[in-house]
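Below are the chains, spelled out letter by letter.
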Amino acid sequence: HRKLDLELEKKSYEIAKNILGKELVRETIRNFKQLSTTFQKQPPCGEIDLLIANPKIKTLFVMDAKNINKKFFVSAIKRELRDFFEGRKKKKSYLEKLNMKVDFIRENQDEILNHFKISDKNGWKVKKGFIVNTLYVSAFYKKKVDFVLIDNLEEYIQGKKHDNLI
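Keep in mind that what you see is a predicted model, and the values were worked out from it rather than measured.

## Topic: the pattern of salt bridges
Scanning all chains against the criterion turns up 8 salt bridges. The structure contains a network of salt bridges with shared partners spanning Arg82, Asp83 and Arg88.

## Considering the side chain of Ser36
Along the polypeptide, Ser36 turns up in the loop between strand E1 (25-29) and strand E2 (48-54). Using a relative accessible area of 5% as the deciding quantity, one classes Ser36 as buried. A polar contact is formed between the side chain of Ser36 and the side chain of Glu111, at a distance of 2.8 Å.

## Considering helix H3 (residues 94-107)
Look at H3: 20 Å from first C-alpha to last across 14 residues, which is about the 20 Å you get at 1.5 Å a residue. Considering only its buried residues, H3 is in contact with E2, strand E3 (59-66), helix H2 (74-86), helix H4 (109-115) and strand E4 (125-132).

## Focus on the sheet that holds E2
Strand pairing in a sheet is mediated by backbone hydrogen bonds. Such pairs are either parallel or antiparallel. Taken together, 5 strands build an open sheet; the order of strands is E1-E2-E3-E4-E5 and the sheet is mixed. Each edge of the open sheet is held by one strand with a lone partner, namely E1 and strand E5 (146-149). Recorded for the sheet is a direction-independent mean angle of 30° between the axes of neighbouring strands. Bridge count for E4 against E5 is 4 bridges, and the pairing is parallel. In the strand pairing of E5, Gly129 is matched with Asp146.

## Some points on the packing of aromatic side chains
Evaluated as defined, the whole model comprises 10 aromatic pairs. Their ring planes at 75° and their centres at 5.0 Å tell us that Phe84 and Phe130 sit as a pair that is edge-to-face. Taken as a pair, Phe84 in helix H2 and Phe130 in strand E4 lie far apart in primary sequence, 46 residues in all. The exposure class assigned to Phe130 is buried, which follows from its relative accessible area of 0%. Here Phe85 and Tyr141 contribute two aromatic rings whose centre-to-centre distance is 4.9 Å and whose plane-to-plane angle is 20°, an arrangement assigned as stacked. Of the two residues, Phe85 is situated in helix H2 and Tyr141 in the loop between E4 and E5; the sequence distance between them amounts to 56 residues. We classify Phe85 as buried; its relative accessible area is 9%. In this structure an aromatic cluster arises from ring pairing among Phe84, Phe85, Tyr94, Phe130, Tyr136, Tyr141 and Phe147. Positioned over the ring face of Tyr94 is Lys66, at 4.0 Å from the centre of the ring.

## Describing helix H1 (residues 2-20)
Spanning 19 residues, H1 covers 27 Å between terminal C-alpha atoms, matching the ideal 27 Å at 1.5 Å per step. Of all the residues in H1, the buried ones are Asp5, Leu8, Glu9, Ser12, Tyr13, Ile15, Ala16 and Leu20. Seen along its axis, H1 keeps its buried residues to an arc of 165°; they face one direction. Away from its buried face by more than 90 degrees, H1 exposes Lys3 and Asn18.

Definitions and limits used
- Residues numbered from 1 in each chain as written.
- Predicted model: local features only at pLDDT ≥ 70, side-chain atom pairs only at ≥ 80, totals over all residues.
- Heavy atoms only, no water.
- Salt bridge = Lys/Arg side-chain N within 4 Å of Asp/Glu carboxyl O.
- Helix = DSSP H or I, 4+ residues; strand = E, 2+ residues; numbered from the N terminus.
- Buried < 20%, exposed > 50% of the residue type's maximum accessible area, 1.4 Å probe, protein only.
- Polar contact = N/O pair within 3.5 Å; in protein donor to acceptor, adjacent residues only side chain to side chain.
- Expected span 1.5 Å × (residues − 1).
- Contact = heavy atoms within 4.5 Å.
- Pairing = 2+ DSSP bridges.
- Axes fitted to C-alpha atoms, helices over the stretch in contact; angles between N-to-C directions.
- Phe/Tyr/Trp six-rings, centres within 6.5 Å; stacked < 30°, edge-to-face > 60°.
- Lys NZ or Arg CZ within 6 Å of the ring centre and 35° of its normal.
- Arc of directions from axis to C-beta.

Rendered as structure tokens:
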């Protein structure tokens, strides 16, 4: 299963890199010192699967690749919704973890833009989403997060699709 996750992350990175160039895309950020020497090596927000800066639309994308087993019986759907949105007793939901990453990027936006060698720091926004290889029931849930099919990632990071489910 981890191998499939890594393949989805790699494919996502390749798509973004082909559109914007490798200087505007970072994959699998575990050591945040690579973004700025002022950052902790491993801040509480955890690893970022894909960080993209698109200067044309002034958007930073914080993306998590999710490749989970999809099943259509009631308990599996409940588990999927819980994992994406509610979490468990001592385990945060995927969305809570993604929100922590987005908060980190927003709080350090100028430093992130410096890392990408972007001097115009006005008017930038941060978008978050899950990159998926298939539709999940969770994508139709009411939470505000984008679910981006890998086949639509190119359009998404170019700002051509703005639905929360694409």
